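A structural walkthrough
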Amino acid sequence: MVSRTDDETLPVAVADVPARPSARERVASRAAKVSKANRPMLLGEIAVIVALVFLYDRVRDVATTRAAMAYRDARWLLDVEARLHLNFEGPLNRWLSAHWDVQWLASWYYQLMHLSVTLVVLVWLYVQRPQSYRTARNALIAVNVLGLVVFWLRPVAPPRLLPGFVDSGLVTGVAEHATHVAPNVYAAMPSLHVGWAVWVVLQVWAAGAARWMKALVALHVVLTVVVVLATANHYLLDVVAGVAVATLAAYLVRTPLPARSHQRPQLTT
């Protein structure tokens, strides 16, 4: 008989049991499922963009028939800014026109960056922050709808069409080479370039992006404001209106409608 000491242990066969996921992994898995459910259909989002472009074209066609009103409103806007000592676009435009290289860069920034940055942020939200995408998309639609309403009611000619201003896009040749939807020449108020830039900042910050991304979009707003003024595409009051439109749109889509009470009123005796 073979004896076995107390320190010896018998091998025990253990079945392979899958390890339970950690609490962090379970939370991440649930978040991924919720995010996937919150992401809308891509075709529907494309249809929304096409509808906005179509609406913009119709408003632009109507605005071009009211050139006299647009120039009258532009002169009135300049008078208001002069009385308030807010006519900064003139000095900025004169400085920019004296520096051709900077003027060329500013003109390209005006033509390309407002749409490019907005689309990049929209796609980033769709892919990385689907839980925030619907609110952000609705806010962007609201920005454009509010802007189109103002374009329809009060067309305003940009300063580059008035005497005393230099059309930077024209003198640098950038306007001839830029390929995008034809602009509404009488849609200075509000500045949707600024409105979109403010929308970008609000959505990136609300989505909890990294610090470097927040800093970049904040810089984009500053550059956009300077560029639209210096290239004589907008007045300072257009900039203020663009900020107001973007802020109002964000407030409207983030404010829930009051819930209706389904309780029947009780009769008192």
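To be clear, the structure that these remarks concern was listed above.
As a starting point, this report considers the structure included with it. (Residues numbered from 1 in each chain as written. Predicted model: local features only at pLDDT ≥ 70, side-chain atom pairs only at ≥ 80, totals over all residues. Heavy atoms only, no water.)

Points about the overall build of the protein
- Tallying secondary structure elements over the protein gives 11 helices and zero strands in all.
- The 269 residues of the protein split such that 38% are buried.
- Across the protein, contacts joining residues at least 24 apart in sequence account for 87% of those joining residues at least 6 apart.
- Approximately 17,100 Å² of the protein is accessible, and the part contributed by carbon and sulfur atoms is 66%. (Helix = DSSP H or I, 4+ residues; strand = E, 2+ residues; numbered from the N terminus. Buried < 20%, exposed > 50% of the residue type's maximum accessible area, 1.4 Å probe, protein only. Contact = heavy atoms within 4.5 Å. Areas by Shrake-Rupley, 256 points an atom, 1.4 Å probe, with all protein chains shown as cover.)

Side note on the layout of surface pockets
- Considered as a void within the structure, the second largest pocket measures approximately 160 Å³ in volume.
- Taken together, L42, E45, I46, I49, L119, L122, V123, Y126 and Y133 form the lining of the second largest pocket.
- Classifying every residue of the lining of the second largest pocket gives eight nonpolar, no polar and one charged. (1 Å grid on protein atoms, 1.4 Å probe; cavity = no way out; pocket = protein on both sides within 12 Å on 5 of 7 lines; lining within 4 Å. Points joined across faces, edges and corners; volume = space filled by probe spheres on them. Nonpolar A, V, L, I, M, F, W, Y, C, P; charged D, E, K, R; others polar.)

A word on empty space enclosed by the protein
- Per the stated rule, a full pass over the model turns up one cavity of 30 Å³ or more.
- Looking at the largest cavity, the residues that line it are Y109, Y110, M113, H114, H193, H220, T224, V227 and V228.
- When its residues are assigned to classes, the lining of the largest cavity shows five nonpolar, four polar and no charged.

Description of the packing of aromatic side chains
- Scanning the entire structure with this criterion turns up three aromatic pairs.
- Each ring, one from Y71 and one from Y186, has its centre 5.9 Å from the other, and the planes form 65 degrees; the classification is edge-to-face. Of the two residues, Y71 is situated in helix 3 (residues 67–83) and Y186 in the loop between helix 8 (174–177) and helix 9 (192–206); the sequence distance between them amounts to 115 residues.
- In this structure Y71 comes out as partly exposed when scored by relative accessible area, which is 25%.
- According to the relative accessible area criterion, Y186 is buried, its value standing at 11%. (Phe/Tyr/Trp six-rings, centres within 6.5 Å; stacked < 30°, edge-to-face > 60°.)

Notes on the pattern of salt bridges
- Scanning all chains against the criterion turns up two salt bridges.
- A salt bridge links D73 to R154; its shortest N-O distance comes to 2.6 Å. Residue D73 is found in helix 3, and its partner R154 is found in the loop between helix 6 (130–153) and helix 7 (168–171); the two are separated by 81 residues along the sequence.
- D167 serves as the salt-bridge partner of R160, at 3.4 Å between the closest nitrogen and oxygen. (Salt bridge = Lys/Arg side-chain N within 4 Å of Asp/Glu carboxyl O.)

Description of the nonpolar core
- V121, L125, V143, W199, V200 and V204 are the most contacted members of the largest nonpolar core, which totals 42 residues.
- Breaking this core down by element, the ones donating at least two residues are helix 5 (100–128), helix 6, helix 9, helix 10 (211–230) and helix 11 (236–254).
- Among the nonpolar cores identified, the runner-up in size contains 13 residues, and A70, A157, L162 and F165 belong to it. (Core = buried A, V, L, I, M, F, W, Y, C linked by side-chain atoms within 4.5 Å.)

What about the packing of helix 9 against helix 11?
- Direction vectors running N to C along helix 9 and helix 11 enclose 40 degrees, while the axes themselves pass 7 Å from each other. Put simply, helix 9 runs oblique to helix 11. The handedness of the crossing between helix 9 and helix 11 is right-handed. Across the interface between the two elements, V194, G195, V198, W199, L202, Q203 and A206 of helix 9 pack against V239, G242, V243, A246, T247, A250 and R254 of helix 11. (Axes fitted to C-alpha atoms, helices over the stretch in contact; angles between N-to-C directions. Parallel < 35°, antiparallel > 145°, perpendicular 65-115°, else oblique. Left-handed = near helix turned anticlockwise from the far one by under 90°.)

Take it as geometry only, folks, not as evidence of what the structure does.
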